Amino acid sequence: MSQLSTGLGIDIGGSGIKGAPVDLTTGEFLRERLKVLTPRHADPAAVAEIVGEIASHFPEAAKAPLGITFPGVVQAGVVRTAANLHKSWVGTDARTLFTEATGRPVRVLNDADAAAVAESRYGAAKGVPGVVLMTTLGTGIGSALVVNGRLVPNTEFGHLEIDGHDAESRASSGAKEREELSYQEWATDRLHRYYRVVEDLLWPDLIVVGGGVSRKAHKFLPHLDIRTPIVPATLQNTAGIVGAALAAAEAGTV
Ligand code: BGC
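Below is a summary of the structure that appears in this document. (Residues numbered from 1 in each chain as written. Predicted model: local features only at pLDDT ≥ 70, side-chain atom pairs only at ≥ 80, totals over all residues. Heavy atoms only, no water.)

Considering the overall build of the protein
Thinking step 1. If you tally the helices and strands in the protein, you get 8 helices and 15 strands.
Thinking step 2. Relative to the 2.2 N^0.38 estimate, which gives 18 Å for 254 residues, the radius of gyration of the protein is 17 Å and therefore close to what a compact globule would have.
Thinking step 3. Once the C-alpha set of the protein is aligned to its principal axes, its extents read approximately 50 × 40 × 30 Å.
Thinking step 4. Looking at the protein as a whole, 53% of its 254 residues are labelled buried.
Thinking step 5. A fraction of 63% describes how many contacts in the protein between residues 6 or more apart in sequence connect residues 24 or more apart.
Thinking step 6. On the protein, roughly 11,200 Å² of surface is accessible, and the fraction owed to carbon and sulfur atoms is 51%.
Thinking step 7. Looking at the protein, you have 24 positive and 28 negative side-chain charges, and the mean spots of the two groups are 2 Å apart. (Helix = DSSP H or I, 4+ residues; strand = E, 2+ residues; numbered from the N terminus. Rg over C-alpha atoms; globule rule 2.2 N^0.38 Å. Buried < 20%, exposed > 50% of the residue type's maximum accessible area, 1.4 Å probe, protein only. Contact = heavy atoms within 4.5 Å. Areas by Shrake-Rupley, 256 points an atom, 1.4 Å probe, with all protein chains shown as cover. Lys, Arg positive; Asp, Glu negative; His and termini not counted. Charge placed at Lys NZ, Arg CZ, Asp CG, Glu CD.)

Digging into the site of the ligand
Thinking step 1. The local shell around the ligand consists of Pro71, Gly72, Val73, Ala83, Asn84, Asn110, Asp111, Ile141, Gly142, Glu156, His159 and Glu168.
Thinking step 2. Contacts to the ligand include Gly72, whose backbone N or O atom sits 3.4 Å from an oxygen atom.
Thinking step 3. In this structure, Asn110 approaches the ligand through a side-chain N or O atom, which is 3.0 Å from an oxygen atom.
Thinking step 4. Its residues assigned to classes, the shell around the ligand shows 4 nonpolar, 5 polar and 3 charged.
Thinking step 5. Structurally, the shell around the ligand is a two-domain feature, drawing no fewer than three residues from each of domain 1 (6-114 + 238-249) and domain 2 (127-233). (Near = heavy atom within 4 Å. Polar contact = N/O pair within 3.5 Å; in protein donor to acceptor, adjacent residues only side chain to side chain. Nonpolar A, V, L, I, M, F, W, Y, C, P; charged D, E, K, R; others polar. Domains from an automatic or database assignment.)

Details of the pattern of salt bridges
Thinking step 1. Taken as a whole and judged by the stated rule, the model has 7 salt bridges.
Thinking step 2. A salt bridge links Arg121 to Glu250, with the nearest nitrogen and oxygen atoms 2.6 Å apart. With a gap of 129 residues between them, Arg121 in helix H3 (residues 111-122) and Glu250 in the segment after helix H8 (239-249) connect regions that are remote in the sequence.
Thinking step 3. For Arg121, a relative accessible area of 33% translates into the label partly exposed.
Thinking step 4. In this structure, Asp225 engages Arg196 in a salt bridge whose closest nitrogen and oxygen atoms are separated by 3.7 Å. Taken together, the residues Asp225 in the loop between helix H7 (217-220) and strand E15 (230-232) and Arg196 in helix H6 (residues 183-202) connect sequence positions 29 residues apart.
Thinking step 5. With relative accessibility at 52%, the residue Asp225 sits in the exposed group. (Salt bridge = Lys/Arg side-chain N within 4 Å of Asp/Glu carboxyl O.)

In structure tokens:
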């Protein structure tokens, strides 16, 4: 396995922390991913320990660039927001923390940004010119903006205030589950309004929908009456890991 074309990605989420070595020429996993459940008390120390375990689970990628996603704003390695994770993350220098936990340099970036990097290189946004908006629908709503293949990091369009509410509290797939909405109800009552507002503000050329629920895109995308072409992500739940690995390998370019 050539180290140059291998990256290691770790994706930190509210329910699981997942990692896998990635073939950067194809965007595919080189080995089955390892998933560890996110602890209830997911503070920096607890998560760093798991990140260390996952990194050492793949000795074949010990020298590969290591990228790690975080479900919040990350500026120069420092976490600025943590809407759905322990509040003690805010202000944490995650780059230093994970470097110490793994004994190697790391790149830390927002989870939706990582997914968009992966979709732009290998998936639904590959080669698409202009403005691509990626949204990930999960516990929250993540967003990423890619302009002619370059990421504009840390957009937080999941937190737009729409009709007096934080958008993700009504339109995420977490809200769909909490309120036991059918796919059609969720699409017509919530997603439709969300994407209408977003397209009127950003005028993207393409919207890519990621997150676990994008596997069921055929159940909700047809109910959206919006002007922008909207397609499901093609990498689905591997996108965070793949994008993190790629971003680490190409730090400074993506
Ligand atoms: C966070 C984003 C994150 C998204 C998906 C939101 O609540 O603010 O930074 O990308 O959830 O995890």
